[in-house]
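Chain and residue survey
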Amino acid sequence: MTFQVNGKQKVTFIHIPKTAGTSITEWFRLICTYPPNGYEMTKFCETREHWGINELRKTQSDLGWTFAVVRNPWDYAVSLYHHLVQKMPIAYPKLQWLEDVTFDDWISDIDNYPKTFVEPYKLSSPQVSWIDETVYVLRYEYLERDFKVVQNVMGHHLPLPVRNVSSRTAYKDYYNDTTRKLVAKIFEEDIERFKCVF
């Protein structure tokens with residue numbers, strides 16, 4: 001969830017879907033609760049989990065130190081796909097048909113599938129559309145290392161818990177030459193900005 005923590009240091013987490021947000025949210029809940037230390041954690045909205053920086057700025061001007069996690073686009077696409085075909089049919093029984101959708105079919109027609117968990121964005125929206133140059137970026141692939149910056153800002157070195165892990169094979173197993181190039185085209189901005197390689 002996208003949230004803000006107020007206390008000694010004001011911090012806002014921009015939760016891009018499928019980028020360790022559940023683990024980061026739990027870490028902040030733990031440091032805000034045990035022991036009580038003057039920090040208060042606030043969700044921006046009860047009905048939406050994910051907010052981009054531009055949307056948040058419309059709700060308040062002072063977001064404090066702001067950070068987000070981004071993920072290799074090829075891995076990100078597979079994680080989005082798995083959320084769609086594994087979790088959406090459970091949450092929305094009318095979407096049982098998603099269980100039969102292949103990765104190739106999905107990525108070839110990505111924006112014609114339900115996007116409930118990313119609205120108002122599209123499934124094909126690059127991760128850079130959620131952030132701007134003021135947001136400190138952590139890399140999902142190096143999260144344990146990169147999260148030390150957050151721990152230092154907050155003055156807490158509690159380990160980051162690992163939550164909401166998918167059971168699947170490596171993301172490269174999902175691709176052929178056509179789908180690899182298609183994801184490179186869809187998420188070209190992310191690949192260029194974060195210097196990602198397949």
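Moving on to the overall build of the chain. Per the secondary structure count, the chain includes seven helices and five strands. Along the chain direction, N to C, the helices and strands of the chain fall in the order β-β-α-β-α-β-α-α-β-α-α-α. With respect to the three principal axes, the spread of C-alpha positions in the chain is 50 × 40 × 35 Å. Across the 198 residues of the chain, 48% fall into the buried class. Counting only contacts in the chain whose residues sit at least 6 apart along the sequence, the fraction spanning at least 24 positions is 73%. Where the 24 positive side-chain charges of the chain centre and where its 25 negative ones centre are 4 Å apart.

A grouping of D104, D105, D109 and D111 is seen on the molecular surface, where their side chains present a negatively charged patch. Classification of D111 by relative accessible area gives partly exposed; the value is 34%.

With that out of the way, let us pick up the packing of aromatic side chains. One pass over the structure, following the stated rule, counts 16 aromatic pairs. Ring geometry for Y76 against F187: centres 5.7 Å apart, planes inclined by 75 degrees, an arrangement best described as edge-to-face. Within this pair, whereas Y76 is found in helix α3 (residues 73-91), its partner F187 is found in the loop between α6 (177-186) and α7 (188-194), the two being separated by 111 residues in sequence. As far as the burial class goes, Y76 and F187 line up, both buried. Among the aromatic residues, those joined into a ring-pair cluster are W74, Y81, F103, W106, Y171, Y174, Y175 and F198. Here the guanidinium or amino end of K172 rests over the ring plane of F198, the centre of that ring lying 5.6 Å away. Taking NZ or CZ as reference, R180 lies 5.9 Å from the ring centre of F198, over its face.

What follows concerns helix α1 (residues 21-33). Along its 13 residues, α1 runs 18 Å from first to last C-alpha, staying within 8% of the 18 Å computed at 1.5 Å per residue. Taken together, the buried positions of α1 are G21, S23, I24, T25, W27, F28, I31 and C32. Looking at the buried positions of α1, the neighbouring elements they touch are β1 (3-6), β2 (11-14), β3 (40-43), β4 (65-70) and α5 (143-154).

The next thing to look at is α5. For α5, with twelve residues, the first-to-last C-alpha span of 16 Å sits near the 16 Å given by 1.5 Å per residue. Those residues of α5 lying buried are L143, D146, F147, V150, Q151 and M154. An end-on view of α5 places all buried positions within 165 degrees of arc, on one side of the element. Facing away from the buried side of α5 by more than 90 degrees, the exposed set consists of R145 and N152. Taken from the residues just after α5, G155 is the one with a positive phi, measuring 75 degrees.

Core analysis: the largest hydrophobic core is formed by 40 residues, its most contacted members being A77, F103, W106, W130, I131 and Y175. Elements supplying a minimum of two residues to this core: α2 (53-59), β4, α3, α4 (103-108) and α7. Here this core gets nine residues from one element, more than from any other, and that element is α3. Those residues in contact with A77 that sit more than four places away from it in its chain are F103, W106, I107, Y175, V183 and F187. Core analysis: the second largest hydrophobic core is formed by 18 residues, V11, F28, C32 and V69 among them.

A word on the sheet that holds β4. What holds strands together in a sheet is hydrogen bonding between their backbones, with the strands either parallel or antiparallel. Taken together, the five strands give an open sheet; going across it, the order is β3-β1-β2-β4-β5, and neighbouring strands pair in mixed fashion. Whereas interior strands pair on both sides, the edge strands pair on one side only; in this sheet they are β3 and β5 (136-139). Averaged over all pairs of adjacent strands, the angle between their axes in this sheet comes to 25 degrees, without regard to strand direction. When β1 meets β2, the two strands line up antiparallel, connected through three bridges. If you follow F3 over to β2, its bridge partner there is F13.

The rules behind these values
- Residues numbered from 1 in each chain as written.
- Predicted model: local features only at pLDDT ≥ 70, side-chain atom pairs only at ≥ 80, totals over all residues.
- Heavy atoms only, no water.
- Helix = DSSP H or I, 4+ residues; strand = E, 2+ residues; numbered from the N terminus.
- Buried < 20%, exposed > 50% of the residue type's maximum accessible area, 1.4 Å probe, protein only.
- Contact = heavy atoms within 4.5 Å.
- Lys, Arg positive; Asp, Glu negative; His and termini not counted.
- Charge placed at Lys NZ, Arg CZ, Asp CG, Glu CD.
- Patch = residues over 30% accessible without salt bridge, like charges linked within 9 Å, V, L, I, M, F, W, Y side chains within 5 Å.
- Areas by Shrake-Rupley, 256 points an atom, 1.4 Å probe, with all protein chains shown as cover.
- Salt bridge = Lys/Arg side-chain N within 4 Å of Asp/Glu carboxyl O.
- Phe/Tyr/Trp six-rings, centres within 6.5 Å; stacked < 30°, edge-to-face > 60°.
- Lys NZ or Arg CZ within 6 Å of the ring centre and 35° of its normal.
- Expected span 1.5 Å × (residues − 1).
- Arc of directions from axis to C-beta.
- Core = buried A, V, L, I, M, F, W, Y, C linked by side-chain atoms within 4.5 Å.
- Pairing = 2+ DSSP bridges.
- Axes fitted to C-alpha atoms, helices over the stretch in contact; angles between N-to-C directions.

Fair warning: the whole summary comes from geometry, so function is off the table for now.
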